[in-house]
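Per-entry structural report
Next come the chains, spelled out residue by residue.
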Amino acid sequence: GLFFRGIFGTPAGFAEIFVKACPLILTGLGCAVAYRTGFFNIGAEGQFYVGAMATTMVALNWTAVPGIPRIILSLVIGFLAGGVWALIAAVCKAKFNISEIIVTIMLNYIAINFLGYAVRSFLMDPEGNVPQSAKIDKAVQLGTLIRATRFHAGILIAVACVFVVWFFLDKTTMGYELRAVGLNKRGSACNGISVMKNIVLSAFLSGGLSAVAGGIEVLATQKKLLEGISANCGYTAVLIALVAFNHPIGVLIVAVLYSAMQVGASSMQRQMGIPSSIVNILIGVVVVLILARERSEE
């Protein structure tokens, strides 16, 4: 009862589901796009941080650009920064056959620690002594859509990205080539599809989507850059993509359900002392069962 009351009991609690789901949707999408081409991107966490830093720099420094155009520009620059960051692993895999799993994990540590350096130096609020950036101007913030809740416009951007990615992967020639490379690289190459080009493209899109999640978190939720801003959603995104079988619509559904479980579990923990980590245990069990099923089919 407390679990469902935490989810549906108040408008603010229900809206919180979508606030938590927003970064998971985008990072989960990023992982799904990469996995569909056989590029195992474990670097969504680092790409999230890179996008958050790039978005913050544009939002704080490009003051000559007015509100909405600066929001768009901030997110676009964040997308490009995250995409380029993911390209490092893609080039290492395509050119030198270096495992993208290892490279993306190592890049996570670099991005996370560089953000820690940034908020203590060139991005630190000059009027404070806490390792965080100055607050984003109100004109550049993504506003809330429902009064007395944290339901913000970034959630609509995330949902729009789901349908754009679904259309791209399932309804376009480029999307078909990406999926073909993921299913059979040698067969794709024999039919004139560039394996390297598609791996690089999927990595760029994957990194860019994860970076947009970081940008939205800065502009809509935190309204400043600080350490630990992702709350490990980049790692959770790997689980979201696996449970959703790398399908964009599935990512949306799984991310919302996972966030609902988090909100409900937090209510149980506050009122009855039941650890909210039970959610992660359940998700872990589901992922193990999915992997076991795939292994048995092989």
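Now for a look at the structure at hand. It should be emphasised that the depicted structure is a prediction, and the values quoted were computed from it without experimental measurement.

To continue, consider the overall build of the chain. Along the backbone of the chain there are 12 helices and 0 strands. Relative to the compact-globule value of 19 Å for 298 residues, the chain shows a C-alpha radius of gyration of 19 Å, a close match. Principal axes of the C-alpha set define a box for the chain whose edges measure 60 × 50 × 30 Å. Residue burial in the chain is summarised as follows: out of 298 residues, 49% are buried. Counted over contacts in the chain with a minimum sequence separation of 6, partners at least 24 positions apart contribute 73%. Split by element, the accessible area of the chain, about 14,100 Å² in all, is 66% carbon and sulfur.

Once that is clear, we can look at the pattern of salt bridges. Within this structure, the stated rule accounts for 7 salt bridges. Where Asp 137 meets Arg 70, a salt bridge forms, and the shortest distance between an N and an O atom there is 3.6 Å. You can see Asp 137 sitting in the loop between helix H5 (100-118) and helix H6 (154-171) and its partner Arg 70 sitting in helix H4 (residues 67-96), a full 67 residues away along the chain. Glu 100 is the salt-bridge partner of Lys 93, the closest N and O atoms lying 3.3 Å from each other. Grouping residues by exposure puts Lys 93 and Glu 100 together as buried. In this structure, a network of salt bridges that share partners links the residues Arg 36, Asp 170 and Arg 179.

Counting across every chain of the model gives 8 aromatic pairs. With 5.4 Å between their ring centres and 75° between their planes, Phe 14 and Phe 18 make a pair best called edge-to-face. Taken together, the positions of Phe 14 and Phe 18, both in helix H2 (residues 11-36) and 4 residues apart, correspond to about one turn of that helix. On the numbers, 5.7 Å between centres and 40° between planes, the contact of Tyr 35 with Phe 40 is tilted. Chaining the aromatic ring pairs together yields one cluster made of Phe 14, Phe 18 and Phe 151.

The subject of this paragraph is the side chain of Thr 27. The residue Thr 27 is located in helix H2 in this model. For Thr 27, a relative accessible area of 0% translates into the label buried. Excluding residues within four positions of it along the chain, Thr 27 makes contact with Ala 44, Phe 48, Ser 210, Ala 213, Cys 233 and Ala 237.

Looking now at the packing of helix H3 (residues 44-61) against helix H10 (residues 233-243). Between H3 and H10, the shortest axis-to-axis distance is 7 Å and the interhelical angle comes to 135°. As the angle between them shows, H3 and H10 are arranged oblique. Considering only the axes of H3 and H10, their crossing is right-handed. Contact residues: H3 offers Ala 44, Glu 45 and Phe 48, while H10 offers Cys 233, Gly 234 and Tyr 235.

It is worth spelling out the nonpolar core at this point. Membership of the largest hydrophobic core comes to 86 residues, with the highest contact counts inside it found for Leu 26, Ile 216, Leu 219 and Leu 225. Among the elements that take part in this core, H2 stands out by supplying 14 residues, more than any other.

What counts as what
- Residues numbered from 1 in each chain as written.
- Predicted model: local features only at pLDDT ≥ 70, side-chain atom pairs only at ≥ 80, totals over all residues.
- Heavy atoms only, no water.
- Helix = DSSP H or I, 4+ residues; strand = E, 2+ residues; numbered from the N terminus.
- Rg over C-alpha atoms; globule rule 2.2 N^0.38 Å.
- Buried < 20%, exposed > 50% of the residue type's maximum accessible area, 1.4 Å probe, protein only.
- Contact = heavy atoms within 4.5 Å.
- Areas by Shrake-Rupley, 256 points an atom, 1.4 Å probe, with all protein chains shown as cover.
- Salt bridge = Lys/Arg side-chain N within 4 Å of Asp/Glu carboxyl O.
- Phe/Tyr/Trp six-rings, centres within 6.5 Å; stacked < 30°, edge-to-face > 60°.
- Axes fitted to C-alpha atoms, helices over the stretch in contact; angles between N-to-C directions.
- Parallel < 35°, antiparallel > 145°, perpendicular 65-115°, else oblique.
- Left-handed = near helix turned anticlockwise from the far one by under 90°.
- Core = buried A, V, L, I, M, F, W, Y, C linked by side-chain atoms within 4.5 Å.

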